[in-house]
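Each chain is listed here by its residues.
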Amino acid sequence: IIDDPLLLLEQRTILQVLLNELWNQPEERFREIVDNYRDLLLSENFVGLLKERLTAMADRDLDAMRKGDEEEREKMKVKHEREREISGQLVTYTQLLLKEVSALGAQLEAQQVEVIRSICKVAMDPRYQSEEET
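Being a predicted model, the structure only gives us computed values, none of them experimental.

**Student:** Can you tell me about the environment of Val34, naming the residues and giving the values?
**Tutor:** Note that Val34 resides in helix α2 (residues 30–34). Given the relative accessible area of 0%, Val34 is considered buried. In the structure, Val34 is positioned 56 residues away from Leu90 in sequence and 8.0 Å away in space, judged by C-alpha atoms. Look past the residues within four positions of Val34 in its chain and what remains in contact with it is Leu18, Leu22, Leu41, Leu90 and Tyr93.

**Student:** Could you give an account of the packing of aromatic side chains, with specific residues and numbers?
**Tutor:** For the structure on display, the rule yields one aromatic pair. Between the aromatic rings of Phe30 and Tyr93, the centroid separation amounts to 6.1 Å while the plane-to-plane angle is 85 degrees, which identifies the pairing as edge-to-face. Of this pair, Phe30 sits in helix α2 while Tyr93 sits in helix α5 (residues 70–124), and the two are 63 residues apart along the sequence. For the pair Phe30 and Tyr93, a shared accessibility class is recorded, and that class is buried.

**Student:** Give me the pattern of salt bridges: which residues, what numbers.
**Tutor:** For the structure on display, the rule yields 10 salt bridges. Two residues, Arg53 and Glu83, come together in a salt bridge whose shortest N-O distance is 2.6 Å. Pair noted here: Arg53 is in helix α4 (residues 46–67) and Glu83 is in helix α5, with a separation of 30 residues, a long-range link. Each member of the pair, Arg53 as well as Glu83, is classed as buried. Residues Arg73 and Glu70 are paired through a salt bridge, measuring 3.2 Å at the closest nitrogen-oxygen approach. With Arg73 and Glu70 both in helix α5, this residue pair falls three residues apart, about one helical turn. Residue classification places Arg73 among the partly exposed residues on the basis of a relative accessible area of 30%. Among the residues examined, Glu70 registers a relative accessible area of 48% and is labelled partly exposed.

Criteria and cut-off values
- Residues numbered from 1 in each chain as written.
- Predicted model: local features only at pLDDT ≥ 70, side-chain atom pairs only at ≥ 80, totals over all residues.
- Heavy atoms only, no water.
- Helix = DSSP H or I, 4+ residues; strand = E, 2+ residues; numbered from the N terminus.
- Buried < 20%, exposed > 50% of the residue type's maximum accessible area, 1.4 Å probe, protein only.
- Contact = heavy atoms within 4.5 Å.
- Phe/Tyr/Trp six-rings, centres within 6.5 Å; stacked < 30°, edge-to-face > 60°.
- Salt bridge = Lys/Arg side-chain N within 4 Å of Asp/Glu carboxyl O.

Honestly, it's all geometry; don't read function into it.
Encoded structure:
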């Protein structure tokens, strides 16, 4: 299946907004901010978008090295370290979200099995047989 390019563009933009929001915020606000972006973090495209950003960072570093601009390279190094730090925090938080989703899925599955079990129990009870079945 081909991904929707507009959705990918939208998610790329949302990731940039998220990174911008987190950039200068204290650590205590991380969860408060990130909770508003759960759709992005749990999307199929999240990992690919992060890889894309990391690749772009590496390309910018290489360009700065080729140009020999030490001042620009040092500026980018600081910026990229901060972005990698935030990205790592996002990945860790996303892993936590995925564990929560998995646990909720298992709980829902157990509830559904219990409902099916009770339906089967009623279906097998002779008190509930119709006249046609007797």
